[in-house]
Amino acid sequence: MDNEIIVALVAMAGTIIGSFGGIVTSSKLTSFRLEKLEQKVDKHNSFAERIPVVEEKIRTLDHRIEDIEKGGIIFNEC
């Protein structure tokens, strides 16, 4: 075999191995980033579920404060 053919085959093998390695690394990085993004979305969703509950409690407290102010109830300090 000629030296040029051997060099070409070695270069082709190196290119194939390098390309495959890049694809695998890129795939792992993409999977990692998707997992982190899913964790952030889950955290956000738990806040989104709790916000209406907090808003309702605030609304209830506002009404209670209004009732206390209208009734003229005075609390004695202990």
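Right above here is the structure, for reference.
Residues numbered from 1 in each chain as written. Predicted model: local features only at pLDDT ≥ 70, side-chain atom pairs only at ≥ 80, totals over all residues. Heavy atoms only, no water.

A.B. asks: Hey, could you run me through a nonpolar patch on the surface in this one?
C.D. replies: The grouping of M1, I5, I6, L9, V10, M12 and I16 at the surface amounts to a nonpolar patch, some 710 Å² of accessible area in total. If you trace the backbone, M1 turns up in the segment before helix 1 (3–71). (Patch = residues over 30% accessible without salt bridge, like charges linked within 9 Å, V, L, I, M, F, W, Y side chains within 5 Å. Areas by Shrake-Rupley, 256 points an atom, 1.4 Å probe, with all protein chains shown as cover. Salt bridge = Lys/Arg side-chain N within 4 Å of Asp/Glu carboxyl O. Helix = DSSP H or I, 4+ residues; strand = E, 2+ residues; numbered from the N terminus.)

A.B. asks: Would you explain helix 1 in this entry?
C.D. replies: An α-helix turns once every 3.6 residues. As a result, residues three or four positions apart point the same way. The first and last C-alpha atoms of helix 1 sit 101 Å apart over 69 residues, in line with the 102 Å expected at 1.5 Å per residue. Approximately 25° is the largest bend angle found in helix 1, and it occurs at R50, with the proline P52 only one to four residues beyond. (Expected span 1.5 Å × (residues − 1). Bend = angle between axes of the 7 residues up to and from the residue.)

A.B. asks: Help me out: how do you make sense of the pattern of salt bridges in this one?
C.D. replies: Where charged atoms from two side chains of opposite charge come close, those side chains can pair. Taken as a whole, this structure holds one salt bridge when the rule is applied. The closest approach of N and O atoms between E56 and R59, which form a salt bridge, is 2.6 Å. Note that E56 and R59 are positioned in helix 1 at a spacing of three residues, about one turn of the helix. Since its relative accessible area comes to 40%, E56 is described here as partly exposed. (Buried < 20%, exposed > 50% of the residue type's maximum accessible area, 1.4 Å probe, protein only.)

A.B. asks: Explanation requested: a negative patch on the surface in the structure shown.
C.D. replies: A surface patch of negative charge is lined by D62, E66, D67 and E69. Along the chain, D67 turns up in helix 1. By relative accessible area, D67 is classed as exposed at 52%. (Lys, Arg positive; Asp, Glu negative; His and termini not counted. Charge placed at Lys NZ, Arg CZ, Asp CG, Glu CD.)

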